[in-house]
Amino acid sequence: MEEMSLDKKIIENNAINIANTMIAVNPIGSLKWNYETGLLLLAIWHIGKTFNKPTFNEYVRQQIDCLIDNEGIINGYKKDEFNLDQINSGKIVLELFIESHDNRYEKACITLINQLHEHPVTESGGYWHKKIYPYQIWLDGLYMYGPFVARWGQITGDEGCIAKVCKNLIDIKNKTYDMKNGLLRHAWDEKRFQLWADSVTGQSPYVWGRALGWYCMALADVLEVIGRTNAYYTELIKIFQELCRNIITFQDPKTKLWYQILDLVEREGNYLETSCSAMFSYVIAKGIRLGMLDETLYIKHAEDAFLALSTNRIRKDNQGFSHLEGICKVAGLGGTPYRDGSFSYYISEPVVADDFKGVGPYLLAACELAKL
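Bear in mind that the values here come from a model prediction, so they are computed numbers and not experimental data.

Asks: How do you make sense of the nonpolar core when you look at a structure like this?
Replies: A general feature of soluble globular proteins is that nonpolar side chains tend to end up buried together. Core analysis: the biggest nonpolar cluster contains 138 residues, and Leu-212, Tyr-215 and Leu-363 have the highest contact counts within it. Considering each element in turn, this core owes the most residues, 13 residues, to helix H8 (residues 209–226).

This is the structure in structure tokens:
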């Protein structure tokens, strides 16, 4: 491909175009309470703040106000599912509360915090991913609740909240660590009940790019909240820096993207995947901005990935809308029909455009790169 350089205008134009597409195809009142909605709205919120587009922030507020009533009750939320995914949308609600002091948003946040007081945990205190996935911790889940709980602890002065998140980040890193590559496997089964779980380690068999992306985003976001004086900061930043060092070694030198199964770069059927590439661009750029990564060593990795996504994974339609392509639609473990965590499973899930799990990280990466 022709050599291009990344400047703020390229970042802004692509981000604004993608955000405008999302707003056009997801009118007010059309979104449901789930983690994908929370991710997209948080990303559009930050685009609005970063590029001074207040209409984006108003769009986010109106969408959330369709999901939270005048009493602060969340439409579509079911606590008894004990599903960590349900907590992710709390992040944008908390941002709205911080800005407006509207007690509806505060009540909604308290509802989500209260779920964790009763949420089932492993012996080491890690939250089950969902009630329907007993004794299992998935890397995905750390992103769904971790940054929200840490931010809640920050604004309420609840140090116990923050400590719990930090301990869980450290614990699951140790449980899922792959000695061969210094990366983390997708999940861990405390009881070794699952067919996908190693009978000795309890680990799932592969390093799924997006799962590791979720975990690294959680780390970056929590580190930003807790600051350098926190007792867990030194250990968490060590984990963060080690993971970033190892992740960049698997960035494809030609396309500048990362693979669906991160470390099996030459295995037939593996493919370059958009969402994890956007996540790693975000994580690295944020790490640089917060002084956790050396800019001279890392900046090209973040910029190259974002530029590759912008030039090779965005398609404009005949109406002028921009669509982000190459996103793995979903990947999980267990359930019905049973997902066995095999290589063939991970590469068999549909690859789609405009999925919020790819669009959200792409927009967040744009914000971090623009700030640099």
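Asks: Explanation requested: the pattern of salt bridges in the structure shown.
Replies: Pairing is possible between side chains of opposite charge, provided their charged atoms come close. All told, the structure shown has 21 salt bridges when counted by the stated rule. Across the salt bridge formed by Glu-12 and Lys-9, the nearest N and O atoms sit 3.8 Å from each other. Highlighted residues: Glu-12 and Lys-9, both in helix H1 (residues 8–25), separated by 3 residues, approximately one helical turn. Taking the relative accessible area as the measure of exposure, Glu-12 reaches 17% and is therefore buried. Between Asp-304 and Lys-300 there is a salt bridge, with its nearest N and O atoms 3.2 Å apart. Separated by 4 residues within a single helix, Asp-304 and Lys-300 lie in helix H11 (residues 295–312), roughly one turn from each other.

Asks: In this structure, what is going on with the packing of aromatic side chains? I would like to understand it.
Replies: Aromatic ring pairs are reported here in terms of the distance separating the ring centres and the angle at which the planes meet. Across all of its chains, the model carries 11 aromatic pairs by this definition. Put simply, the rings of Tyr-35, Tyr-143 and Trp-214 pair up and form one aromatic cluster. Lying over the aromatic face of Tyr-177, Lys-173 brings its terminal NZ or CZ to 4.5 Å of the ring centre. The ring of Tyr-135 has Lys-191 sitting right over it, with the charged end atom 5.1 Å from the ring centre.

Asks: How should the environment of Leu-243 be read in this particular structure?
Replies: Relative to the helices and strands, Leu-243 is located in helix H9 (residues 233–248). Residue classification places Leu-243 among the buried positions, given a relative accessible area of 2%. The spacing of Leu-243 and Leu-94 is 149 residues in sequence and 29 Å in space, taken between C-alpha atoms. With residues near it in sequence (within four places) discarded, Leu-243 still touches Gly-182, Leu-183, Leu-184, Leu-212, Tyr-215, Cys-216 and Leu-219.

Asks: Help me understand the side chain of Asp-85 in this model?
Replies: Along the polypeptide, Asp-85 turns up in the loop between helix H3 (54–65) and helix H4 (90–100). In this structure Asp-85 comes out as buried when scored by relative accessible area, which is 9%. With near-sequence residues (within four places) excluded, Asp-85 lies in contact with Tyr-35, His-129, Lys-130 and Met-144.

Asks: Please explain the packing of helix H2 (residues 35–50) against helix H13 (residues 356–371) as it appears in this structure.
Replies: A pair of packed helices is captured by two measures, namely the crossing angle of their axes and the spacing between those axes. For the pair H2 and H13, interaxial distance at closest approach is 8 Å and the crossing angle is 25°. In terms of axis orientation, H2 runs roughly parallel to H13. In this structure, H2 crosses over H13, and the sense of that crossing is left-handed. Contacts between H2 and H13 involve Tyr-35, Glu-36, Thr-37, Leu-39, Leu-40, Ala-43, Ile-44, His-46, Ile-47 and Thr-50 from the first element and Phe-356, Lys-357, Val-359, Gly-360, Pro-361, Leu-363, Leu-364, Ala-366, Cys-367, Ala-370 and Lys-371 from the second. In the contact of H2 with H13, the residues fall into 14 nonpolar, 4 polar and 3 charged.

Asks: Honestly, unusual backbone geometry in this entry has me stumped. Any pointers?
Replies: Most peptide bonds are trans, and most residues other than glycine sit at a negative phi. The omega torsion of the bond from Thr-336 to Pro-337 falls at -5°, within 30 degrees of zero and hence cis. Considering the arrangement of structural elements, one finds Pro-337 in the loop between strand S9 (327–328) and helix H12 (343–346). Phi angles above zero are rare outside glycine, and Tyr-135 is one such case at about 65°. Considering the arrangement of structural elements, one finds Tyr-135 in the loop between helix H5 (103–118) and strand S1 (136–138). Phi angles above zero are rare outside glycine, and Asp-354 is one such case at about 70°. You can see Asp-354 is positioned in the loop between strand S10 (351–352) and H13.

Asks: Hey, could you run me through the confidence of the model for the protein chain in this one?
Replies: Detailed conclusions should not be drawn from predicted coordinates in areas where pLDDT is low. Mean pLDDT over the protein chain stands at 97; residues scoring 70 or higher make up 99%. Of all secondary-structure elements in the protein chain, the lowest mean pLDDT belongs to H1, at 97, while strand S5 (residues 258–259) reaches the highest, 99.

Asks: What's the story with the side chain of Gln-63 in this structure? I'm lost.
Replies: Note that Gln-63 resides in helix H3. Residue classification places Gln-63 among the buried positions, given a relative accessible area of 1%. Contacts of Gln-63, omitting those with residues within four sequence positions, involve Asn-26, Pro-27, Ile-28, Gly-29, Ser-30, Leu-31 and Leu-41.

Reading guide: rules and limits
Residues numbered from 1 in each chain as written. Predicted model: local features only at pLDDT ≥ 70, side-chain atom pairs only at ≥ 80, totals over all residues. Heavy atoms only, no water. Core = buried A, V, L, I, M, F, W, Y, C linked by side-chain atoms within 4.5 Å. Buried < 20%, exposed > 50% of the residue type's maximum accessible area, 1.4 Å probe, protein only. Helix = DSSP H or I, 4+ residues; strand = E, 2+ residues; numbered from the N terminus. Salt bridge = Lys/Arg side-chain N within 4 Å of Asp/Glu carboxyl O. Phe/Tyr/Trp six-rings, centres within 6.5 Å; stacked < 30°, edge-to-face > 60°. Lys NZ or Arg CZ within 6 Å of the ring centre and 35° of its normal. Contact = heavy atoms within 4.5 Å. Axes fitted to C-alpha atoms, helices over the stretch in contact; angles between N-to-C directions. Parallel < 35°, antiparallel > 145°, perpendicular 65-115°, else oblique. Left-handed = near helix turned anticlockwise from the far one by under 90°. Nonpolar A, V, L, I, M, F, W, Y, C, P; charged D, E, K, R; others polar. pLDDT = per-residue confidence, 0-100.

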